[in-house]
Amino acid sequence: MRKTLFFTLPLLATSLFASAHAADLRVVTHSSFNLDKKLLAKFEQENDVKLQLIKAGDAGEMVSKLILTRNAPIADVVYGIDNTLLSRALTADLLAPYQSAALKNVPKKYLLNGAFNPVDYGHVALNIDKAFFQKNKLALPRTLGDLLKPEYKNLLVVENPATSSPGLAFLLATIKELGEKGAYSFWAGLRDNGVKVSKGWEDAYYTEFSRNGGSRPIVVSYSSSPAAEVFYAEKKPKTSPTANLFLPGSSFLQIEGAALIKGGKNVDLAKKFIDFLLSKEAQTDIPTQMWVYPVAQGIKLDPTYRYAGTPVYTKTLTPAEIAAGQQKWVENWTKVVLRNADLKDL
Amino acid sequence: MQRTFTTFLLALIPLGFLGFFLIYPFVRALLAGAEGGFLRQAQEVLHEKYYWERIGWSLQQATYSSVLSVLLGVPAALTLARHDFPFKTTLMRILMLPLVTPSIVAAMGILSLVGARGLTGIHLQDTAFLVILGNVFYNQSLIVRFVYAGLLRIPEHTVQAARVLGANRWRVLWRVTLPLVLPHLLGAFSLVFLYCFSSFSLALLLGGQKFSTLEVEIYTLTLYQLDLSSAGILVLVQFLITGLAAVVYTNLQKRTSSTGEFRTRTLPRPQGLQWLQVLFWTGLTGLIALAPLLSVFLKSVLGQEGITWAFYRGILTSDTLQALWNTLKFSGIAMVLSVVVGGLQAIVTFRRASPALDALSLLPFLVSMVSVSVGYLLAYPGLSASLTLLIGAYVLLAHPFVTRTVLAGLRSLSPSMLQSARVLGASPLRVWQRVILPLLKSSIRTGAAFALASAIGEFAATLILQRPEWTTLSTLIYQTLGRPGAQNLGQAAALSSMLLGITYMAFQVLEEDAAGQNSF
C-alpha cells in the first residue's frame, strides 16, 4: 500500500502543474458543441496550439459559470452565447470587443454587439410525432390556444426554461406572442391541461416524446430536428417521421456566437479561433454537426435540410428586452407551472 | 505516543484530500453566497412554503426508497449467504451493473418497462412511484452486497452455539444474525438514504420537475439564477439533515459493532422448499436490476424491421475505442486512488475510534455536490480543464465506499488475533502485512468494486471538466443522445450495452480470488 502512495503522490503533483501549459487555448462552450475532429486538429496544427474545450453545461449554465469566475477567467474565448444570454454577459462585463473580418459575409441582422460574433442560428420550434396523429385521427392544433383544448390534454412536453435553452426560447416566444399577462394565463392553462416539464432537451426528446417511446407527441425542439431524423435514420426513409408545428408565436430565433473573454490569455489565438468558426470549412460543417444554420452566406446545406421549415416571425424581442424581463419571467413561470401558484399572486 | 503520531501521519493524506477537494471549495461557495446578506435571505427562503414541500418530498422519497431497498435486499442477502447455487457469482455481478448505468440510460430502460407504452403494460409514468422504483433499481444492490459481506463474517460457531442451546431458526436470525450484521446494514442504509436524499438527475429524469429534490433546487438557484445566497440557505438545510442522519448512523453503528473473522466456507445447496425461497428473493432483486438493462439492450439490436446490427456497426469507430480506453484508464486510476484515500481514512477512523472522523467519511454524501463544483470554479479556476480535478472529483465520490467496507472489516477483526501476533514478536508493520491486510482483502475488494462501478458510470458525464480526447463511454452516450434520430438512439443503446458488458468483465477480473474461489 505504501508503494502505491509513493507512486500516486507525484502523479497528483505533476498533473497539477501540467495543466498550466503555456500554448493552450481555452475555449468554453455549451455541452452541445460539436465539430469534425479533423477540422479541430487542423486548426491546432496550423496555429501550433492545443485546444482545451471546456464544456460548461447548457448555455445558461455556461454563462453563469463565466460570471462566477470573471475575476480569474476559466477560458480565453467562449462559443455558444446566444441572443437570450448576450445582455446578461454584457451586463456582467464578461466580453472583450472583437469583430472578425469574416463577418463581412454575414447579414447585418445577426450582428448584435461589437463583442459578439454570430456563428450560427436556429429556430426553436414545436415538433410532432406524425404517426401518433395519424393513428389517433387527431387534427393538428392551429394556434397556441388550441393546446389548451381537452383533445390535446397530456400531449405536450416542454423543457424547463430555468435549465434549458430551448425551454427558455419557447417561453420567450409565448411572451412575445401573448404579452406577459397573457402568457402566464396560457401557461396556467397548459399546466391544467397536463403539460410535462423536463429538465433538458435530451430527456424531453428521448424519454417523453412518443416517437422514442414516451407518451407525448408534441415536443419543444428545433426546426431542423425533422431533417436530423432523416439524416440519422436507421434506414433512409421517404419522408421524416416527425414534422415542425409552426403555430403562430411558438417559434423563436436563436442566434449563437463567439466572443473574447475579458481577462483571457492568448488573445491573438482566441481571435483566430473565432475567425476559424466563421471560416468556410467550419460553417459548412456546422449544419450537420450541431443542426443549426451557418450565418455565412453561400454555404451549401445537406439535402436533408429540405425537411426543415422556416417559421414566420411577426414579433421580436431584443436582447435588451430579454435581459430586462428574463429572470422575472422564468421565476413567474416556475411559480405558475411548477408551484401551482394563483395568477393573482404573481 | 508513537501510535498517535503514526495515526496523525496517516491521517494527513485523507484529510488533505478532503480539505483540497471538498471542504475548501465548499466553504468558498458558501462564502460567495454570504456576501448577499445571509440572515435576510434565510428568512425569505424559509418563509417559502414551496421549499418546505421540496424538503419534505426529498425526505419522503429517500425514506421510501431506502426502506424498500432494505426489504428487498436483506432477504436476498440472507439467501445468498446461506446457500450455494449455480450462477450465484453471475447474479452478484449483475447486481452491480445498475451502479454503472448512466442516469439517462436507466431512465430510458425503466420507462420502456413501466412507462406510458411500457412492455409490462403497467403505466407508472408521471407518478412518484417511478422515482422510487428508479432509486430502488440503483440502490438495492448496495444493501445486498454490504449485508452479504457482513453475513459471511459471522462466525459459524456463534450460530451453532445458539442452535445447540435450543434457539429455533427465527430466533437465531432475530437474536444472533441480525444484530451481528446490523453495522453492515446500517452502513448500507445510510449510504442509500443519503444517495436518494440528495439525488439529482435520476429524480429529475423520472419524476420531471414535479418531483424535484432539494439538490435540484440548489442547482437551479446556483447555476441559472446565480442566487448563491438563497442556494446557500438550502445547502445548509440539506447539510443539517444529512449531518443529523450521519451522526445517528455512526452512533448506532458503533454500538452494534461486531467481531468475527471473514472466512470462505463451503455453503450447502438449497434443498426442497429452500429452492423456492432462493429463486424468489434472488429472482426478484435480479429482475429489478436486470429488466431495465435488458430493455436497453433490446433497443440496441431492434430496428424497424427486426434484429439489426446497424447500431453496433455505427459505433465501430476510433472515437468509441478511445472512449473505451479512457473509461478503463480513468476509472482504474480513480479506483486505485480511492483505495488509498478510503483505506487510510478507514484505518485512521478505526484507530482513533472517533465518531466525528467516522461521520467525516460520509462527507461527500452530506454536502451538496452542486455547491462543491461551483466551489471548484471559485477556488481553482486555473484547474477547470485539468485531469487532476476530474479524477479528484471521482475519487471524492468513490472513496467512501472503500472507507465504509474497510472500516466494517477492521471492526470485525478479532483483537485477540492481533495481540497474539504482537506477543509472538511481530512488529506492527509485520502484523499489518501478514495478518490485517490479508484478512481485509475481501473488504478492500468490495470497496474497490464499488469505487470502480461508481467511477465507470459517472465519469465526466456530470462534470464541467472536459476535453475532446478525454471522452469516456458515458460522455459519449450523452453526446450521442444530444442529437435527434433513430440511429443516435440505437447507438446510445449499443454504447450503453457495451459499457455494461465491459463492467461485467472488469468485475470478473477484480473479484477473482487467488485460490480461484470467489469470496466476493
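Every value quoted in this text rests on a predicted model; they were computed, and no experiment measured them.

Colleague: Got a minute to help me understand the overall build of chain B in this structure?
Modeller: Helix and strand content of chain B: 22 helices and two strands. Rg of the C-alpha trace for chain B: 23 Å, near the compact-globule value of 24 Å for 520 residues, within the 12% margin. Referenced to the eigenvectors of the C-alpha coordinate spread, the extents of chain B come out at roughly 65 × 60 × 45 Å. Burial analysis of chain B (520 residues in total) assigns 61% to the buried set. Pairs at least 24 apart in sequence give 82% of the contacts found in chain B among residues at least 6 apart. Surface summary for chain B: the accessible area is close to 20,400 Å², and the carbon and sulfur share equals 67%. Mean positive and mean negative side-chain charge positions of chain B (35 and 19 charges, respectively) differ by 13 Å.

Colleague: Just checking my understanding: could you explain the overall build of chain A for this structure?
Modeller: Along the backbone of chain A there are 11 helices and 11 strands. The principal-axis extent of the C-alpha atoms belonging to chain A is close to 65 × 55 × 50 Å. For chain A, the proportion of its 346 residues judged to be buried stands at 60%. Sequence separation of at least 24 residues holds for 75% of the intrachain contacts in chain A that already meet a minimum separation of 6. If you sum the accessible surface of chain A, you get close to 14,300 Å²; carbon and sulfur atoms cover 56% of it. Chain A carries 42 positive and 33 negative side-chain charges, and their two centres are separated by 2 Å.

Colleague: Where do I start with the pattern of salt bridges in this structure?
Modeller: A side chain of one charge can pair with a side chain of the opposite charge when the charged atoms of the two come close. Applying the stated criterion to the full structure yields 17 salt bridges over all chains. With its nearest N and O atoms 3.4 Å apart, the salt bridge here joins Arg339 of chain A to Glu48 of chain B. Here Arg339 of chain A is found in the segment after helix H11 (319-338), whereas its partner Glu48 of chain B is found in the loop between helix H2 (38-47) and helix H3 (49-82) on a different chain. Judged by relative accessible area, Arg339 of chain A falls into the partly exposed class, the value being 23%. Here Glu48 of chain B falls in the partly exposed class, since its relative accessible area comes to 30%.

Colleague: Quick question: what am I supposed to make of a nonpolar patch on the surface here?
Modeller: A cluster of nonpolar side chains, contributed by Leu119, Leu298, Leu302, Ile307 and Trp309 of chain B, occupies part of the molecular surface with about 570 Å² of accessible area. Of note, Trp309 of chain B is situated in the loop between strand E2 (306-307) and helix H13 (310-314).

Colleague: Looking at this structure, I do not really get the packing of aromatic side chains. What am I missing?
Modeller: We describe a pair of aromatic rings using the distance from one ring centre to the other and the angle between the two ring planes. In the structure shown here, the tally under the stated rule is 38 aromatic pairs over all chains. Judged by centre distance (5.9 Å) and plane angle (75°), the rings of Phe132 of chain A and Phe133 of chain A are edge-to-face. Judged by relative accessible area, Phe132 of chain A falls into the partly exposed class, the value being 21%. With 6.2 Å between their ring centres and 5° between their planes, Phe193 of chain B and Phe197 of chain B make a pair best called stacked. Of the two residues, Phe193 of chain B and Phe197 of chain B are both situated in helix H8 (residues 169-197); the distance of four residues between them amounts to about one turn of the helix. A relative accessible area of 15% places Phe193 of chain B in the buried class. Judged by relative accessible area, Phe197 of chain B falls into the buried class, the value being 0%.

Colleague: Whenever I open this one, the pairing of strand E3 (residues 77-82) of chain A confuses me. Can you help?
Modeller: Regular strands have side chains that alternate between both faces of the sheet. All names here are of chain A. Here E3 lies mainly inside the structure; six of its six residues are buried. Pairing of strand E1 (residues 24-29) with E3 involves three bridges; the strand directions are parallel. When the bridges of E3 are listed, Thr29 appears paired with Tyr79. Judged from the five bridges that link them, E3 and strand E10 (residues 252-261) form a sheet pairing that is antiparallel. Note on E10: the bridge partner recorded for Tyr79 is Ala258.

Colleague: Sorry if this is basic, but what is going on with unusual backbone geometry here?
Modeller: Peptide bonds are, in most cases, trans, and in most cases residues other than glycine have a negative phi. We note that Asn154 of chain A has phi near 60°; this positive angle belongs to a residue other than glycine. On the basis of relative accessibility, which here comes to 36%, the residue Asn154 of chain A falls in the partly exposed class. If you check the backbone angles, Leu226 of chain B has positive phi at about 50° while not being a glycine. The topology assignment puts Leu226 of chain B in the loop between helix H10 (214-223) and helix H11 (228-255).

Colleague: Explanation requested: the interface of chain B and chain A in the structure shown.
Modeller: Frequently, the measure chosen for interface size is the accessible area that the parts lose on association. Each partner contributes residues to the interface: chain B has 61 residues there, and chain A has 61 residues. Where chain B abuts chain A, roughly 6,000 Å² becomes buried across the two surfaces, and 61% of that area is made up of carbon and sulfur atoms. A per-residue breakdown of the area chain B buries against chain A is headed by Gln209, Tyr224 and Pro484 of chain B, which together make up 12% of the total. Along the contact surface separating chain B from chain A lie three salt bridges. Two residues, Lys37 of chain A and Asp319 of chain B, come together in a salt bridge whose shortest N-O distance is 3.2 Å. Inspection of the region where chain B meets chain A yields 12 residue pairs in polar contact (both at pLDDT 80 or more). In terms of residue count, helix H14 (residues 318-352) of chain B provides more of the side of chain B that touches chain A than any other element does, five residues in total. For the side of chain B that touches chain A, a count of residues per class yields 34 nonpolar, 18 polar and nine charged.

Colleague: I'm lost on the nonpolar core in this one. Help?
Modeller: Taken as a class, soluble globular proteins show a tendency for nonpolar side chains to be buried jointly. Judged by nonpolar contacts, the single largest core of 205 residues is most densely connected at Leu126, Leu147, Trp187 and Ile218 of chain A together with Leu410 of chain B. Among the elements that make up this core, the one with the highest residue count is helix H20 (residues 428-458) of chain B (14 residues). Not counting residues within four places of it along the chain, the set of residues in contact with Ile218 of chain A comprises Leu126, Asn127, Ile128, Phe133, Pro141, Leu147, Leu155, Leu156, Val157, Phe209 and Leu245 of chain A. Counting 66 residues, the second-largest nonpolar core is a separate cluster that includes Leu53, Val63, Ala75 and Leu277 of chain A.

Colleague: Even after reading the chapter, I still don't get the UniProt feature "domain: ABC transmembrane type-1" (unreviewed entry) in chain B, so can you show me in this structure?
Modeller: Mapped onto this structure's residue numbering, the UniProt feature "domain: ABC transmembrane type-1" (unreviewed entry) falls at residues 55-245 and 324-510 of chain B. For the annotated span residues 55-245 of chain B, helix accounts for 80% and strand for 0% of the residues, and the straight-line distance between the end C-alpha atoms is 14 Å.

Rules used in this analysis
Residues numbered from 1 in each chain as written. Chains lettered and ligands numbered in written order. Predicted model: local features only at pLDDT ≥ 70, side-chain atom pairs only at ≥ 80, totals over all residues. Heavy atoms only, no water. Helix = DSSP H or I, 4+ residues; strand = E, 2+ residues; numbered from the N terminus. Rg over C-alpha atoms; globule rule 2.2 N^0.38 Å. Buried < 20%, exposed > 50% of the residue type's maximum accessible area, 1.4 Å probe, protein only. Contact = heavy atoms within 4.5 Å. Areas by Shrake-Rupley, 256 points an atom, 1.4 Å probe, with all protein chains shown as cover. Lys, Arg positive; Asp, Glu negative; His and termini not counted. Charge placed at Lys NZ, Arg CZ, Asp CG, Glu CD. Salt bridge = Lys/Arg side-chain N within 4 Å of Asp/Glu carboxyl O. Patch = residues over 30% accessible without salt bridge, like charges linked within 9 Å, V, L, I, M, F, W, Y side chains within 5 Å. Phe/Tyr/Trp six-rings, centres within 6.5 Å; stacked < 30°, edge-to-face > 60°. Pairing = 2+ DSSP bridges. Buried area = accessible area lost by both parts, 1.4 Å probe. Polar contact = N/O pair within 3.5 Å; in protein donor to acceptor, adjacent residues only side chain to side chain. Nonpolar A, V, L, I, M, F, W, Y, C, P; charged D, E, K, R; others polar. Core = buried A, V, L, I, M, F, W, Y, C linked by side-chain atoms within 4.5 Å. UniProt positions renumbered as here; feature names shortened; annotations may be inferred.

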